[in-house]
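# Summary of structural features
For reference, the chains in residue letters:
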There are 2 protein chains.
Amino acid sequence: MQLALDEARRARDLGEVPVGAVITDGEGRVIARAGNRTIAERDPSAHAEILAIRAAARLLDNERLVGCDLYVTLEPCAMCAAAISFARIARLCFGAADEKMGGVDHGGRFFSQPTCHHRPEVVSGPGAEASAGLLREFFSSRRS
Amino acid sequence: MQLALDEARRARDLGEVPVGAVITDGEGRVIARAGNRTIAERDPSAHAEILAIRAAARLLDNERLVGCDLYVTLEPCAMCAAAISFARIARLCFGAADEKMGGVDHGGRFFSQPTCHHRPEVVSGPGAEASAGLLREFFSSRRS
């Protein structure tokens, strides 16, 4: 989660919403890391999780990341939760909860739907305070 | 929708699940078209809608496709519904309903959630029969 927080800080330094993600393989090795890049890449789908999943799938030459875990600093939105399921991520670990946009414990709760056909193990909380602090500072500095 | 069906057929010819999407701008001009490419691109997020949104955003040099409409042969999944909302698509027109994976009229019904902050106008049904036929044939030929 520390690496994911580093990616969130890099995103912030580029003027992006500070969210970062890391994917590890079955042996715990980091195989992909990414920060949010929706503005830089002019791509509304360029959330940290999607970019990390794309990079890992390219690396493994397989659109299914069987046995891989994903760490992300913020609760995934509905788009990312569905992509995590499609990628067959084994375990999702996220930091801060996202009441406004979250899709795991909020909104449509994708993993609890009958339209979800692979549910990762979900752990929430690690790094939540640091992640929420980054987001608070970012939005507060944008308002002022 | 005929162009979206053409994209679905091209996807099928490549061994991909036959789904196609087209985006038009405020004047009704086609600015992006794409078919499903999850296998070819080794990318679980490479659904037709996401690829069309990425292409249109690159073309307009803006991650928000204000005033644009999206046509897709199948009900978008949760991932694509959320991306359509993030891209600020004005109007979504989809063909066949998707009871198994759909995220508009099924599952988490993304556009009806408080975590959805832009809801496109939604029209369903045009091209539904041709779209469902393509999907039926595809899955039936894969089983045999």
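The residue numbers shown here count from 1 along each chain, following its written sequence. For this description, chains carry letters from A and ligands carry numbers from 1, given in the order in which they are written. Only residues with pLDDT of at least 70 are given local features in this predicted model, and only at 80 or more are side-chain atom pairs given and counted; all residues enter the totals for whole chains, interfaces and linings. Note that water and hydrogens are dropped before the side-chain values are worked out from all heavy atoms of the structure.

### Section: the interface of chain A and chain B
Between two residues, a contact is recorded if the distance between any of their heavy atoms is within 4.5 Å. Taken together, the contact pairs 34 residues of chain A with 34 residues of chain B. Throughout, buried area stands for the accessible area (probe radius 1.4 Å) lost by two parts on being put together, summed over both. Taking both sides of the interface into account, the surface hidden between chain A and chain B amounts to around 2,600 Å²; carbon and sulfur atoms contribute 69%. Salt bridge criterion: a side-chain nitrogen from Lys or Arg within 4 Å of a carboxyl oxygen from Asp or Glu. Between chain A and chain B we count four salt bridges in total. Note that B:Asp61 is salt-bridged to A:Arg42, the shortest N-O span being 2.9 Å. Here a polar contact is recorded for every N or O atom pair within 3.5 Å, except that within protein the pair must consist of a potential hydrogen donor and a potential acceptor, and residues adjacent in sequence are included only if both atoms are side-chain atoms. Between chain A and chain B we count eight residue pairs in polar contact (both at pLDDT 80 or more) in total.

### A short note on the environment of A:Leu5
Residues and elements named next belong to chain A. Runs of E in the DSSP output that reach at least two residues are strands. Runs of H or I that reach at least four are helices, and both are numbered from the N terminus. As for its position among the elements, Leu 5 is in helix H1 (residues 2-13). With a 1.4 Å probe rolled over the protein chains alone, any residue whose accessible area is under 20% of its type maximum counts as buried; one over 50% counts as exposed, and the rest are partly exposed. Take Leu 5: its relative accessible area is 2%, and that puts it in the buried class. Sequence spacing of Leu 5 and Ser 131 is 126 residues, and the spatial spacing of their C-alpha atoms is 6.8 Å. In this view, Leu 5 contacts Thr 73, Gly 127, Ala 130, Ser 131 and Leu 134; residues no more than four positions away in its chain are not counted.

### Describing the sheet that holds strand E5 (residues 121-124) of chain B
All names here are of chain B. If you walk across this open sheet you meet the five strands as E2-E1-E3-E4-E5, and the pairing is mixed. Strand pairing shows two members of the sheet lacking a second neighbour, strand E2 (30-35) and E5, which therefore form its edges. With strand direction ignored, the average angle separating the axes of adjacent strands in the sheet is 15°. Whether two strands pair depends on DSSP finding at least two bridges between them. When strand E4 (residues 91-96) meets E5, the two strands line up parallel, connected through four bridges. Along E5, the bridge assignment pairs Cys 93 with Val 123. Each of strand E3 (69-74) and E4 is contacted by helix H4 (residues 128-143), which is oriented at about 55° to E4, the strand it contacts most. Note on definitions: angles span 0 to 180 degrees between N-to-C directions of axes, and those axes are lines fitted to C-alpha atoms, for helices only across the stretch in contact.

### Quick look at the nonpolar core
By convention a nonpolar core is built from buried Ala, Val, Leu, Ile, Met, Phe, Trp, Tyr and Cys residues, the set being connected through side-chain atoms within 4.5 Å. Judged by nonpolar contacts, the single largest core of 76 residues is most densely connected at A:Ile23, A:Leu65, A:Met79, B:Ile23, B:Leu65 and B:Met79. Once residues lying within four places of it in the same chain are set aside, the contact partners of A:Ile23 are A:Arg29, A:Val30, A:Ile31, A:Ala32, A:Ala52, A:Ile53, A:Ala56, A:Leu65, A:Cys68, A:Asp69 and A:Leu70.

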